[in-house]
Amino acid sequence: MFKKSRRKIVAAIMSVLVLLWVGTLGVIYTSSYIEMSRRNETMMTAHAEMYTLSNPFENMPPIMPKPDGGGDRFDPGFAESPMFQLSTFYTVAMSYDGSVLEIRNNQPNVHSDNDLKEFATEIINGNKTKGTDNDLAFYKTDKSGYNLVVFMDNTVINENAATLFRYTLIFGGIALIVFFFLSQLLARKIIHPLEESYKKQKQFISDAGHELKTPV
């Protein structure tokens, strides 16, 4: 009976700890993912609005400024921030008929121009204007004369996040094992007074019954 009670106490304690651990990790990683996505979108949008073709084609339609003011939405010092400067961007500019106008690829050994072209073509032909694919975040916009796809490399960020998640699982698992043994110790301390009281009560009933059977 008391062993069953100890198991129930241990199970209750461990259930609460696991729920708290999973809930805390869920909130932290969900918030981090939302913040990272928002930051990436902001930087890619700024990069797209600052972008201009190096050598515009003569037969291109005139590039009209956007009614929302374009890059005026961003602080002039935004492009000088370390976070923006240290980020790796790739851009693919394509005309409305699908021909490539310009590809800016500072790291061709990581992603080839052909890969970026194919990926940009899929994005332009698709319905999504932003998202992620493996280690690349992308943002598609119409530059009022041609389509522009901006890619942002998240390899380092994703590797760091994966490492953090892995170590969180390892040390979290070790902590849960330690708490399991502590919960067993706590359960024994909780049950011990009840067990002693039950033994004394049982002994009293046994002694009382023996005395009643003894002739006066």
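So, how was this worked out
- Residues numbered from 1 in each chain as written.
- Predicted model: local features only at pLDDT ≥ 70, side-chain atom pairs only at ≥ 80, totals over all residues.
- Heavy atoms only, no water.
- Buried < 20%, exposed > 50% of the residue type's maximum accessible area, 1.4 Å probe, protein only.
- Helix = DSSP H or I, 4+ residues; strand = E, 2+ residues; numbered from the N terminus.
- Pairing = 2+ DSSP bridges.
- Expected span 1.5 Å × (residues − 1).
- Contact = heavy atoms within 4.5 Å.
- Patch = residues over 30% accessible without salt bridge, like charges linked within 9 Å, V, L, I, M, F, W, Y side chains within 5 Å.
- Areas by Shrake-Rupley, 256 points an atom, 1.4 Å probe, with all protein chains shown as cover.
- Salt bridge = Lys/Arg side-chain N within 4 Å of Asp/Glu carboxyl O.
- Lys, Arg positive; Asp, Glu negative; His and termini not counted.
- Charge placed at Lys NZ, Arg CZ, Asp CG, Glu CD.

## A look at the pairing of strand S4 (residues 136–142)
The buried fraction of S4 is high, at six of seven residues. Where strand S3 (residues 130–133) and S4 come together, four bridges link them in antiparallel fashion. Bridged to Asp133 within S4 is Leu136. Linking S3 to S4, which pair antiparallel, is a turn of two residues; within it Asn134 sits at a positive phi near 55°. One ladder, built from seven bridges, connects S4 with strand S5 (residues 147–153); its direction is antiparallel. Within the sheet, the bridge partner assigned to Lys140 lies in S5 and is Val149. Here S4 hands over to S5 after four residues, with Ser144 in that stretch at a positive phi of 55°.

## A look at helix H3 (residues 113–125)
The terminal C-alpha atoms of H3, which comprises 13 residues, lie 18 Å apart, in line with the 18 Å expected from a rise of 1.5 Å per residue. Those residues of H3 hidden inside the fold are in contact with strand S1 (89–94), strand S2 (100–104), S3, S4 and S5.

## Observations concerning a negative patch on the surface
Together, Asp113, Asp115, Glu118, Glu122 and Asp133 make up a region of like negative charge exposed at the surface. Here the element with the most residues in the negative patch is H3; it accounts for four residues. Within the secondary structure, Asp113 is located in helix H3.

## Looking at the pairing of S5
The buried count for S5 comes to seven of seven residues, which makes it a mostly enclosed element. Burial of S5 is two-sided: the residues Asn147, Val149, Phe151 and Asp153 facing one way and the residues Leu148, Val150 and Met152 facing the other way are all buried. Sheet topology note: the S1/S5 ladder contains six bridges and is antiparallel. Residue pairing in the sheet places Thr91 in a bridge with Val150 of S5.

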